[in-house]
Amino acid sequence: MSVDWPFVLAILPKFVPAVTITLQATLAGMLIALILGLLLALARRSPYRMVSWPVAALIEFTRSTPLLVQIYFLFYVAPSTGLQLSPLATGIIALGLHYAAYCSEVYRAGIEQIPSGQWDAAAALNLSRYHTLWRIVIPQAIPPVIPALGNYLIAMFKETPLLSTITVMEMLYTAKLIGAETFRYVEAITLVGLFFLLLSLAASIAIRALDGKLRHAWR
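Numbering of residues starts from 1 in each chain and follows the order in which that chain's sequence is written. Confidence filtering applies because this is a predicted model: local features only for residues at pLDDT of at least 70, side-chain atom pairs given and counted only at 80 or more, and all residues used for totals across whole chains, interfaces and linings. Heavy atoms from the whole structure form the basis of all side-chain values; hydrogens and water molecules are not counted.

(A) Inspection of the pattern of salt bridges at higher detail. Criterion for a salt bridge: a side-chain nitrogen of Lys or Arg within 4 Å of a carboxyl oxygen of Asp or Glu. Considering all chains together, one arrives at eight salt bridges under this definition. Between E187 and R184 there is a salt bridge, with its nearest N and O atoms 2.4 Å apart. Buried, partly exposed and exposed residues are distinguished by accessible area as a fraction of the type maximum, computed with a 1.4 Å probe on protein chains only: under 20%, between the cut-offs, and over 50%, respectively. Assessed through its relative accessible area of 28%, R184 is described here as partly exposed.

Put into structure tokens, the structure is as follows:
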């Protein structure tokens with residue numbers, strides 16, 4: 001098994017749009033996961049069981065079913081209900097919904113580690129629960145959970161190849177097309193692995209830098 005370096009250089013430009021789509025799916029999916037995850041965490045902590053129990057059941061159901069099944073459901077089953085989405089939009093929503101369930105548990109852990117005395121102090125100052133939550137609790141709860149949220153960002157990035165099953169032109173799908181056309185899979189698949197490695201390391205470094213900056217700011 002040998003590597004044809006001129007062939008590697010020839011196929012590199014074909015991966016540029018694939019990398020862009022992969023990053024787009026990851027970042028858009030993570031944005032959905034971060035926002036929806038926080039809302040789910042707050043809903044799960046609601047004092048009203050009519051709210052907290054269904055949300056808890058939804059979170060556990062989402063975490064307990066495979067992401068690939070959820071992608072297939074949105075792409076193949078949802079259109080029968082009138083929901084028509086492009087493959088990329090379907091993939092972004094599937095990633096966002098799936099990881100929102102995981103992010104919600106991270107947020108919940110961060111919120112619950114805030115000492116109860118801070119709630120009591122806010123109440124003594126006549127602050128509403130809304131203002132206590134958004135101005136006191138959440139700003140303190142989020143910085144410590146940045147590493148965990150960052151881990152889910154990297155995990156989501158590494159799961160984007162699942163979108164190739166619904167014809168999203170991400171990196172793995174592009175590599176398979178190149179292999180099918182040229183009958184050379186070694187170079188294409190190896191490039192995909194290297195792209196994932198380098199981008200994951202870059203994301204890890206950025207997350208550590210952000211975590212350090214936030215921890216320093218809160219000292």
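Now that the structure is up, let's keep going.
(B) Structural detail: the packing of aromatic side chains. Note on aromatic contacts: the rings of Phe and Tyr and the six-membered ring of Trp form a pair at centre separations within 6.5 Å, being stacked when their planes are under 30 degrees apart, edge-to-face when over 60 apart, and tilted otherwise. Inspection of the entire model under this criterion finds eight aromatic pairs. Here Y102 and Y152 contribute two aromatic rings whose centre-to-centre distance is 5.5 Å and whose plane-to-plane angle is 45°, an arrangement assigned as tilted. Taken together, the residues span a long stretch of sequence, with Y102 in helix α5 (residues 87–112) and Y152 in helix α7 (residues 129–159) at a distance of 50 residues. Seen in terms of ring centroids, F157 and F196 are 4.9 Å apart; in terms of plane orientation they differ by 50°. Their pairing is tilted. Pair noted here: F157 is in helix α7 and F196 is in helix α9 (residues 186–217), with a separation of 39 residues, a long-range link. Residues F157 and F196 agree in their burial class; the two are buried. Taken together, Y72, F75 and Y76 form an aromatic cluster joined through their ring pairs. Looking at R184, its charged tip hangs above the ring of F7, at a distance of 5.9 Å from the centre. In this text, helices come from DSSP runs of H or I with a minimum length of four residues, and strands from runs of E with a minimum of two, each type numbered from the N-terminal end. Criterion for a charge above a ring: Lys NZ or Arg CZ within 6 Å of the ring centre, and within 35 degrees of the ring normal.

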